[in-house]
Amino acid sequence: MPVAGIDVGSQTTKVVILNDGQVVGQSVMVSAEEAETGARKALDEALQQAGLALSDLTTIVATGAGRKDVSFAQKQKTSLSCLAKGINRLLPAVRTLIDVGAESSTVIRINEKGGVDDSIGHDRCASGTGAFLESMAKLMQMPLPEMGQESLKAQRRAEVSSMCAIFAEQEVISHVHRVPPTPKADIIAGIHGSMAVRIVGLAKRIGVKPEIALTGGVARNVGFARVIEEELKQKVVVPDNPQIVAALGAARIAQEEGGKQ
Amino acid sequence: MATATQDLTRFEKAVDILDSIYRHRQLTPTTKADGIYYRLILEYNRRLLQASKEGRQIAGYGLMIPNELLHAMDIVPLHLEVGSSLMVTVLKLYEEVLATAKGLGMAVELCSAHRTMAGVHSQGWVPRPDFVVWCHTICEACTKSGEFVRDVWGAPGFFLDRPFLDTEEQLAYFADELGEMVAFLEKQTGKKMDWDRLKAVVAESYKCYGIQKEIQQLRALTPSPTYNRFVVQNILIEWLFGGTPQATDFYTAVRDEMKQMAAEGRSPYPEKFRVQTIYVPPMFSWKTMDWLQREKGATLVGDPMDARWQKWDLNPERPLLSLARKVFAEPHGYTMHGPVERAVSACVQDALDTKAEGAVYWAAMTCPQGCAMIRPVRDGLKEKVGIPTLIVNMDVNDPTVVPESEIMEKLEGFLETLEERK
Ligand code: SF4
């Protein structure tokens, strides 16, 4: 029975369609002004990929910040549960999930069943989020997708504050204008390091248990994933498509809900 | 510092609004205790307005000052922190008031309850206190704020020194301090303390304490026969009316309603989750408390920092020493004044007693005390009870810092976690 999970984030909307437990369609789109319109568009694309029509879907579950606006979803679930369910389907051995999105970062402790045991979030300061990385990319005059690769060339991590986005920005500016300037790769590694210190500090508050996975849009940044490993001193797995984990989890919940009906 | 000029236009408006809320409640009654609560809040403010018009003396008093002394001397009380916050909440004056505080040079990192108070008092928006009494329980913001109010009104003041611990020696010292406070009040009012009256007031206070302890036990029942909004009502009634017959009336009604529900084996709404609430929730959003219970089935079964009383030994013949002991038994002062182990053990024991499945820690972002306790409390609950704690960043008074919708979102996610842990 085909079901869909829709994750309406502040920057992107993600959809996963499952049919008999298999992923048959998925899409990632920039979120529209109207969450419902964006969700419908992303869903249509995933449906097309799956060769299905909206009427074929038995259950739709929406998650993410804009989930309540998706009127055609039968159920809404918060990202926490969906992330846990999603990663449990992809990597069942994961017990700690670090999700770094555009505006927040969350650490979740997951049990064997894919349920949330504990979680902690950080959303009151841009440091430690994708928005921070985006503003740093602008400051470094470098396209965001290139930051990860560039940072791998670093000899050492430049010192960048992990406590406050504003302080961090000032420090980056001073690295750029220093004579001689701090190498670009070192500054970017320092930026990743500042985020990682903050997020790992958060993770340690609820306890880190292996295996560990990194998801969310920022997980696509290889440099960031590496410093997270360095800070944790443990291996961190990044799933192939780290952005769609919550949508996949929502689809799994839709599947379970469908079964109950 | 420039002296404030009293302008009660806004205060009168707030009283009018409280009056309409009370009348609305009478037309659409909910519970008896709810009705008493709204009446008392109205009466408290009306009395102040009346006293101001009649030229009766008003005492400004800060957090943790024992009301009983003012009550025994028939002095009209104006609570510095709660009085201002209540008015600002009713009239939704956050922005204006906090901007005034900023104009006075108060950094946004300072306690917002005290910035609110500074904004309100410096503009003269509450009845002028003729004198001010305050202490350093529970934080240094309280210490400085009392001085601020004294100076802004050019009024005489008394600083009550509350010792850190409650050894017999320190309790005796504190009782002497309370005696000094009585001497100050006598000087300001020209009246002598009627010690027999004070004994009766303290006895009334002790009676009320007994009822509060009963409520604490009733809350721990499964299902818990408690309304979530009691969390906020309890804080306000204890701080505004502690030790008065009005407080006894309120708590008696709460207890009796709870007993009735307990006899019927029910809670006000079907109970799905049992949650501990830690510290002061957002005062601007009672809706969140109601929503949690009505729509999500989450009952706030325990409130270790505001409703879990420690043992209070009354000595009827020594009212000041008895009051000194009460200040240390009072849950907010007991847990917030330190050492932090007290807060941790109160939360842990309360979670065990109430069979809480999770805890919500209201992290007032401008409160150094409250925020410093998050980690030990969270770890304590996790290690000793095995339950998770949700940390909700917020401001007690200002909804623009973290909006209601964001708070609800976090709570919803947390309840999903609790659901999965079942
Ligand atoms: S909120 Fe914190 S800083 Fe403000 S009065 Fe209470 S203890 Fe003090």
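Residues numbered from 1 in each chain as written. Chains lettered and ligands numbered in written order. Predicted model: local features only at pLDDT ≥ 70, side-chain atom pairs only at ≥ 80, totals over all residues. Heavy atoms only, no water.

1. Section: the overall build of chain B
Next, step 1: Along chain B, the regular secondary structure elements total 18 helices and eight strands.
Next, step 2: A globule of 422 residues ought to have a C-alpha radius of gyration of about 22 Å, and chain B, at 21 Å, matches this closely.
Next, step 3: For chain B, the C-alpha atoms occupy an extent of roughly 60 × 50 × 45 Å along the three principal directions.
Next, step 4: The 422 residues of chain B split such that 62% are buried.
Next, step 5: Residue pairs in contact within chain B that sit at least 24 positions apart in sequence constitute 79% of those at least 6 positions apart.
Next, step 6: Counting only carbon and sulfur atoms, one obtains 53% of the accessible surface of chain B, whose full area is about 15900 Å².
Next, step 7: Charge-centre separation for chain B: the mean point of 48 positive side chains lies 2 Å from the mean point of 57 negative side chains. (Helix = DSSP H or I, 4+ residues; strand = E, 2+ residues; numbered from the N terminus. Rg over C-alpha atoms; globule rule 2.2 N^0.38 Å. Buried < 20%, exposed > 50% of the residue type's maximum accessible area, 1.4 Å probe, protein only. Contact = heavy atoms within 4.5 Å. Areas by Shrake-Rupley, 256 points an atom, 1.4 Å probe, with all protein chains shown as cover. Lys, Arg positive; Asp, Glu negative; His and termini not counted. Charge placed at Lys NZ, Arg CZ, Asp CG, Glu CD.)

2. Some words on empty space enclosed by the protein
Residue and element names in this part refer to chain B.
Next, step 1: For the structure shown, the criterion picks out six cavities of 30 Å³ or more.
Next, step 2: Its boundaries defined by the atoms lining it, the largest cavity holds a volume of some 180 Å³.
Next, step 3: Met-64, Ile-65, Pro-66, Glu-238 and Glu-330 are the residues nearest the centre of the largest cavity, which is lined by 15 residues in total.
Next, step 4: By volume, the second largest cavity amounts to about 100 Å³.
Next, step 5: Lining the second largest cavity are 15 residues, with Gln-212, Gln-216, Arg-219, Ala-307 and Arg-308 sitting closest to its centre.
Next, step 6: For the lining of the second largest cavity, the secondary structure elements donating two or more residues are helix 9 (195–219), helix 10 (230–241), strand 6 (298–302) and helix 15 (340–354).
Next, step 7: Residue contributions to the lining of the second largest cavity peak at four residues, all from helix 9. (1 Å grid on protein atoms, 1.4 Å probe; cavity = no way out; pocket = protein on both sides within 12 Å on 5 of 7 lines; lining within 4 Å. Points joined across faces, edges and corners; volume = space filled by probe spheres on them.)

3. Details of the pairing of strand 8 (residues 116–122) of chain A
Next, step 1: A large share of strand 8 of chain A lies buried, amounting to five of its seven residues.
Next, step 2: Counting the residues in the hairpin turn of strand 7 (residues 105–110) of chain A and strand 8 of chain A gives five residues, including Gly-114 of chain A, whose phi is positive at 85°. (Pairing = 2+ DSSP bridges.)

4. Brief notes about the sheet that holds strand 5 (residues 273–278) of chain B
Residue and element names in this part refer to chain B.
Next, step 1: Overall, parallel pairing links the four strands, which are arranged 6-5-7-8 in an open sheet. If you trace the sheet from one side to the other, it starts and ends with strand 6 and strand 8 (389–394), each paired once. Geometrically, the sheet is characterised by an average inter-axis angle of 35° between neighbouring strands, direction not taken into account.
Next, step 2: Where strand 5 lies against strand 6, four bridges are found, and the strand directions are parallel. The residue bridging Gln-276 from the neighbouring strand is Gly-302, located in strand 6.
Next, step 3: Contacts from helix 12 (residues 286–294) reach strand 6 and strand 7 (358–364), with the element oriented near 110° to strand 6. (Axes fitted to C-alpha atoms, helices over the stretch in contact; angles between N-to-C directions.)

5. What about the sheet that holds strand 9 (residues 212–215) of chain A?
Next, step 1: Strand order in the open sheet formed by five strands is 8-7-6-9-10 (chain A), and the pairing between neighbours is mixed. The sheet is open, and its two borders are formed by strand 8 and strand 10 (236–237) of chain A, each paired with just one other strand.

6. Considering the pattern of salt bridges
Next, step 1: Counted according to the given criterion, the structure contains 44 salt bridges over all chains.
Next, step 2: A salt bridge links Arg-40 of chain A to Asp-44 of chain A, with the nearest nitrogen and oxygen atoms 3.2 Å apart. Separated by four residues within a single helix, Arg-40 of chain A and Asp-44 of chain A lie in helix 1 (residues 35–50), roughly one turn from each other.
Next, step 3: One network of salt bridges, in which partners are shared, links Arg-67 and Lys-68 of chain A together with Lys-296, Glu-409 and Glu-412 of chain B. (Salt bridge = Lys/Arg side-chain N within 4 Å of Asp/Glu carboxyl O.)

7. Remarks on helix 1 (residues 9–27) of chain B
Residue and element names in this part refer to chain B.
Next, step 1: For helix 1, with 19 residues, the first-to-last C-alpha span of 27 Å sits near the 27 Å given by 1.5 Å per residue.
Next, step 2: Residues Phe-11, Ala-14, Val-15, Leu-18, Asp-19, Tyr-22 and Arg-25 constitute the buried set of helix 1. With its buried residues spanning 145° around the axis, helix 1 presents them on a single face. When the buried face of helix 1 is taken as reference, the exposed residues oriented beyond 90 degrees from it are Lys-13 and Leu-27.
Next, step 3: Contacts from the buried residues of helix 1 go to helix 2 (32–54) and helix 4 (80–91). (Expected span 1.5 Å × (residues − 1). Arc of directions from axis to C-beta.)

8. Focus: the site of the ligand
Next, step 1: The ligand sits among Cys-111, His-114, Ile-138, Cys-139, Tyr-279, Met-336, Cys-367, Pro-368 and Gln-369 of chain B.
Next, step 2: Class assignment of the residues belonging to the shell around the ligand gives a composition of seven nonpolar, two polar and no charged. (Near = heavy atom within 4 Å. Nonpolar A, V, L, I, M, F, W, Y, C, P; charged D, E, K, R; others polar.)

9. Re the domain arrangement of chain A
Residues and elements named next belong to chain A.
Next, step 1: Examined at the domain level, chain A breaks down into domain 1 (1–90 + 242–261) and domain 2 (92–238).
Next, step 2: Computed from C-alpha coordinates alone, the two centres of domain 1 and domain 2 are separated by 26 Å.
Next, step 3: On the side of domain 2, 25 residues touch domain 1, which itself brings 14 residues to the contact.
Next, step 4: Both sides of the domain 1 and domain 2 interface together cover about 1400 Å² of buried area, and 65% of this is carbon and sulfur.
Next, step 5: A per-residue breakdown of the area domain 1 buries against domain 2 is headed by Ile-87, Asn-88 and Pro-242, which together make up 39% of the total.
Next, step 6: Linking domain 1 with domain 2 are zero salt bridges, by the criterion used here.
Next, step 7: Connecting domain 1 to domain 2 are four residue pairs in polar contact (both at pLDDT 80 or more).
Next, step 8: Considering every element that reaches the side of domain 1 that touches domain 2, the biggest residue donor is helix 2 (residues 79–90), with nine residues.
Next, step 9: Classifying every residue of the side of domain 1 that touches domain 2 by side-chain character gives seven nonpolar, five polar and two charged. (Domains from an automatic or database assignment. Buried area = accessible area lost by both parts, 1.4 Å probe. Polar contact = N/O pair within 3.5 Å; in protein donor to acceptor, adjacent residues only side chain to side chain.)

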